[in-house]
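Results of the structural survey
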Amino acid sequence: MAEPHTTTHFGFKEIPIGEKVRQVGRIFDSVAENYDLMNDLMSLGIHRLWKRHAIGRLRVRPGSHTLDVAGGTGDLARLTLERMGGRGRVTLCDINAAMLEAGRVKLADQGLVAGIDWVQGNAEHLPFPDNTFHAATIGFGIRNVTRIETAFREMVRVLRPGGQLLCLEFSHLSLTALQPLYDTYSFKVLPELGHWVAKDRDAYQYLAESIRRFPDQKTLCALLDGLGLHRVGYHNLSAGIAAVHTGFKV
Ligand SMILES: C[S@@+](CC[C@H](N)C(=O)[O-])C[C@H]1O[C@@H](n2cnc3c(N)ncnc32)[C@H](O)[C@@H]1O
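Model, not experiment: these values are computed from the prediction.

1. Some remarks on the site of the ligand
With respect to spatial proximity, 18 residues lie near the ligand, and among them Y35, A70, D94, A123 and G139 are the closest. A distance of 2.9 Å separates a nitrogen atom of the ligand from a polar atom in the backbone of A70. At 2.8 Å from a nitrogen atom of the ligand is found a main-chain nitrogen or oxygen belonging to G139. Contact with the protein chains covers 97% of the free accessible surface of the ligand, which is 590 Å². Counted by class, the shell around the ligand contains nine nonpolar, seven polar and two charged residues.

Now the structure itself:
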């Protein structure tokens, strides 16, 4: 249904709700080629530790079938496969063709050609039947989705009963003394790096702004609780720069 008068945020801007998916799409079209390099530069490689830690919390076993929503260039999917001892399946779903292509090429270069199904689709309308997956992950993706609750609801729908939802996302600092330093880094250094490396300053300005607008740890827990998940909890990474939230479908 059309939502002509509704707006949402895109970083610090307010835009018509139907515009967000297009603007987010433009960003990932633009940065896809340099996405992994930028992640390494921006975080000095720490995003790899966060991702490994997050997947270490995933309750999967050999033979499990998991879904990675907004899976981009496949980091979480590869780690999940590893965690299943290489004997499982990951369906990676992302809305952006350029990100999927960059991921396919990267993982093929790493010698990983089996075990991952690459599907183009919107997190808000996942193209999978109810009760399909043993676990559903989303890493640094939910912040970019227009209707966060709709996307989480979709993840819950496609999980099997007892299945785990896991969300890795930027969050809010638990050590407030670090905030001025973090703000300088986010709003001065990141956009410059984006300009010089990915040739897109605005994309990395959006990254910094969207992180500040994203709900904090406790608000996200309340949202997941409200969807009927049980044993909802979170774990801060690097003093809350990122956090892993998990919960289980009843
Ligand atoms: C910051 S990247 C994260 C990629 C990967 N999960 C990782 O951790 O490196 C965000 C991803 O979300 C995808 N995305 C944004 N909106 C989406 C939507 N509505 N449905 C599915 N994917 C979406 C983008 O295309 C992009 O690949």
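Following the structure, the description resumes.
2. Here we look at the environment of W196
Following the sequence through the fold, W196 ends up in helix α7 (residues 179–198). Take W196: its relative accessible area is 58%, and that puts it in the exposed class. Once the C-alpha coordinates of W196 and V105 are considered, the two residues, 91 residues apart in sequence, prove to be 24 Å apart.

3. Observations regarding the pattern of salt bridges
A full pass over the atoms with the stated rule returns 17 salt bridges. Linking R143 and E169 is a salt bridge whose minimum nitrogen-to-oxygen distance equals 2.7 Å. Of this pair, R143 sits in the loop between β6 (133–139) and α6 (148–158) while E169 sits in strand β7 (residues 159–170), and the two are 26 residues apart along the sequence. In this structure, R143 and E169 share a single accessibility class: buried. Notably, a salt bridge pairs R212 with D183, separated by 2.8 Å at the nearest N-O pair. Taken as a pair, R212 in helix α8 (residues 201–213) and D183 in helix α7 lie far apart in primary sequence, 29 residues in all. One network of salt bridges, with partners in common, ties together D36, K51, D75 and K106.

4. Here we look at the nonpolar core
Judged by nonpolar contacts, the single largest core of 44 residues is most densely connected at F28, V31, W50, L168, F170, Y204 and L207. Looking at which element gives the most residues to this core, the answer is α8, with six residues. Those residues in contact with L168, other than ones at most four positions away along the chain, are W50, K51, A54, L76, I138, G139, F140, L237, A242, A243 and V244.

5. A closer look at the pairing of strand β2 (residues 13–16)
Judged from the four bridges that link them, strand β1 (residues 7–10) and β2 form a sheet pairing that is antiparallel. Directly across from H9, in β2, lies its bridge partner E14. Connecting β1 to the antiparallel partner β2 that follows it, the hairpin turn spans two residues, and G11 within it adopts a positive phi of roughly 65°.

6. Notes on the side chain of S186
Turning to its location among the elements, S186 is positioned in helix α7. S186 sits in the buried class, given a relative accessible area of 2%. Within the structure, S186 has its side chain in polar contact with the side chain of R212 (distance 2.9 Å).

Each value, and the rule that gives it
- Residues numbered from 1 in each chain as written.
- Predicted model: local features only at pLDDT ≥ 70, side-chain atom pairs only at ≥ 80, totals over all residues.
- Heavy atoms only, no water.
- Near = heavy atom within 4 Å.
- Polar contact = N/O pair within 3.5 Å; in protein donor to acceptor, adjacent residues only side chain to side chain.
- Areas by Shrake-Rupley, 256 points an atom, 1.4 Å probe, with all protein chains shown as cover.
- Nonpolar A, V, L, I, M, F, W, Y, C, P; charged D, E, K, R; others polar.
- Helix = DSSP H or I, 4+ residues; strand = E, 2+ residues; numbered from the N terminus.
- Buried < 20%, exposed > 50% of the residue type's maximum accessible area, 1.4 Å probe, protein only.
- Salt bridge = Lys/Arg side-chain N within 4 Å of Asp/Glu carboxyl O.
- Core = buried A, V, L, I, M, F, W, Y, C linked by side-chain atoms within 4.5 Å.
- Contact = heavy atoms within 4.5 Å.
- Pairing = 2+ DSSP bridges.

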